[in-house]
Structure formats: structure tokens, C-alpha cells
Amino acid sequence: MTQAPTPTADTVRRLVRSLTDEHAAGGGGPEVRPVTAGGEHSTWWVGTRHVLRLALDREAALRLRRELRLRDLVRPYLPVAVPAGVAHGEWAPGLTYTLDTRIPGGSAEEHDVSAVGEADLAGLLTGLRAVPVRQAETIGVPRVAPRSLEALRRMAVAAAERLAAADEFDPARLHQLTPPGAAQLAAQAGGAVLVHHDLKGEHLVVSADGRVRGVLDWTDAAVADPAEDIAGLVLAVGSGAAVRAATLAGYGARPCLRGLWLARCDTVLRLTDRLEGRDDSPLPLLRTQLGRAWEPIMLERVTDLKKDDQDA
């Protein structure tokens, strides 16, 4: 198998110069610099107004091409911006690039989401729910089966004991989720919708006033359990804000609690993986996400879900 090339600053400059007016005018082109936040493609700032993403392997190239079609599909349904493409093509044989207009604002790791911003998140969830699933699948968006919360719970219980030994977590907190509780929060049949599937803080564009202005990186989108996006919001903005947004979007207690517990188990597992050398995510971020996921909320006191709360 041929080794994929590694993009360098010179690679990016040459590509950008071929795409910008500055090159035609004989200038040196805009400044380029790498974006440190990770991903499956190399990401670069291009001046102050654009972002360049380079797929690093054939699978990432396939997903990046699919994202271009998906963004056009979801844009009319969402109250927040998705990146608008300026140019796209191949930067190396079989490897895709896309040059997008930068959405103004910071990330949810830089700015707190306000109450109005929570309404923006509710609009995002509502819009995703409205996207026709068949159209998403037609352009190649995969269908992903819901995760077993009970299997995740068992793994998290074991991981929590190891975190306790490192003085990172009280494993008794996981006792709130019992096997019957996990069964009660199983995903409901026929509830799959289009989900972003990676709604972490770095992918939410938030303005200084706390409004959610855009959502980045749609390469992991899937037709799947909507609780996955609720779980992502828990990690990005905290349990309370995520559940309030999901409730405002029309989701009942069951998918909200399912998303909450998916996030809680995930954060325990990810922090354990990081401490044991199986993950290279920033340790402060993982600890922050753990704290957000374990914020207590009133909805946790619901113990007997009514039938009309089973909507997904």
C-alpha cells in the first residue's frame, strides 16, 4: 500500500495559492496555520476568514465528500450555521480537501452557552429530527445501531473502581444506574434520526454573548439514536443545559436520561483510558467533561417513566 503523504505548511500554502485571488494578483497568499484541535483530517486556518481541511486517508476522504452533500441537505432545517464551502477537490491522489468559510465565534470550550443559546441547541436537535432519514441515507449517511446502556454500565463500573484507586472518582455514584434502570432506558425501536454524532465543545461555534452560531465537522453523522447527540451536548455544555435543550426540542424523560447516562459512562471510560495510556486526549478536558456529565439534575429523580415519555 502506498504511504499517504503528510501535509506540511508548504503543501497547504501551494494549495491555497492555487485557490485564492492573491495568487492571481502575484501576492503570496493569506497566512496559513494549523488548528490544534484534533480530527481525522488535518485542519488549517487560512487567513481570518477560511478553514482548510485535508483528508489524510481514503476513508476520511469518503466521509469528507459525503459531508459536502450532507451540509446542503441539513442547512434548510437548522437555525444555526453549517460551514459553507468555497472550494473542494483533491490535494493528493484520492485525498479530498475542502476550503470553507469560517463561522465567526469561539468554541463551547471558550464561551459559556446562555439561556438563549440553549434555545439554539433545541433548534438544532429539532432540525436534525426533521431531516428526512431516507434522503440522508441516499447520500451515504450510515445507519448505526443504538448502544447497549447495560453493557456500557458494566464497563463503567469496572473502570470507576480503577479511577477510585487513582483518587479521580467516587464509584458509588454509578450505583444510581442499576441494571433495571439501564434496561428501562434502552433505546426505543424505530426512533432513529439524523444525528451529528460528535457534538463536543470544539464543534459548537459560540459567540461571546452565549449564542450558538454554528456546528462544525459533520463527518461522523449517522442515522442513529438521538440520545447520542444529547450525550454529546452533556459533554459540551453540561447536564442541565443539555437536558433543558433536549426537553425544549420535544424529547421526553427517557431519551434525555438515556443521553445523560451514556455521557456519564463514556466520561468514566475515557478518563480511565487516558490515565492508563490508551488515549491521548488532554487530561484537563476529560476531567472537565467528567464534571459536566455528573452535574446533578432534577430529572434524575424520575423513577417511573410514563408511556408518553418513551419518545425518542
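Everything below is about the structure shown above.
Residues numbered from 1 in each chain as written. Predicted model: local features only at pLDDT ≥ 70, side-chain atom pairs only at ≥ 80, totals over all residues. Heavy atoms only, no water.

Across its full length, the protein chain holds eleven helices and ten strands. On C-alpha atoms alone, the protein chain measures out to a radius of gyration of 20 Å, which is about the 20 Å that the 2.2 N^0.38 rule sets for 312 residues. By principal-axis analysis of the C-alpha atoms, the protein chain measures approximately 70 × 45 × 45 Å. With 312 residues in all, the protein chain has 50% of them scored as buried. Partitioning the intrachain contacts of the protein chain with sequence separation of at least 6 by distance along the chain shows that 74% fall at a separation of at least 24. As displayed, the protein chain has an accessible area near 14800 Å², and 52% of this comes from carbon and sulfur atoms. Of the charged side chains in the protein chain, 37 are positive and 41 negative, and the gap between their average positions amounts to 3 Å. (Helix = DSSP H or I, 4+ residues; strand = E, 2+ residues; numbered from the N terminus. Rg over C-alpha atoms; globule rule 2.2 N^0.38 Å. Buried < 20%, exposed > 50% of the residue type's maximum accessible area, 1.4 Å probe, protein only. Contact = heavy atoms within 4.5 Å. Areas by Shrake-Rupley, 256 points an atom, 1.4 Å probe, with all protein chains shown as cover. Lys, Arg positive; Asp, Glu negative; His and termini not counted. Charge placed at Lys NZ, Arg CZ, Asp CG, Glu CD.)

Let us look at the packing of aromatic side chains. Per the counting criterion, the structure on display carries two aromatic pairs. Aromatic ring contacts, followed pair by pair, group Phe169, Trp261 and Trp294 into a single cluster. Across from the ring centre of Tyr251, 4.1 Å away, lies the NZ or CZ of Arg129, which sits over that ring. Across from the ring centre of Trp261, 4.9 Å away, lies the NZ or CZ of Arg264, which sits over that ring. (Phe/Tyr/Trp six-rings, centres within 6.5 Å; stacked < 30°, edge-to-face > 60°. Lys NZ or Arg CZ within 6 Å of the ring centre and 35° of its normal.)

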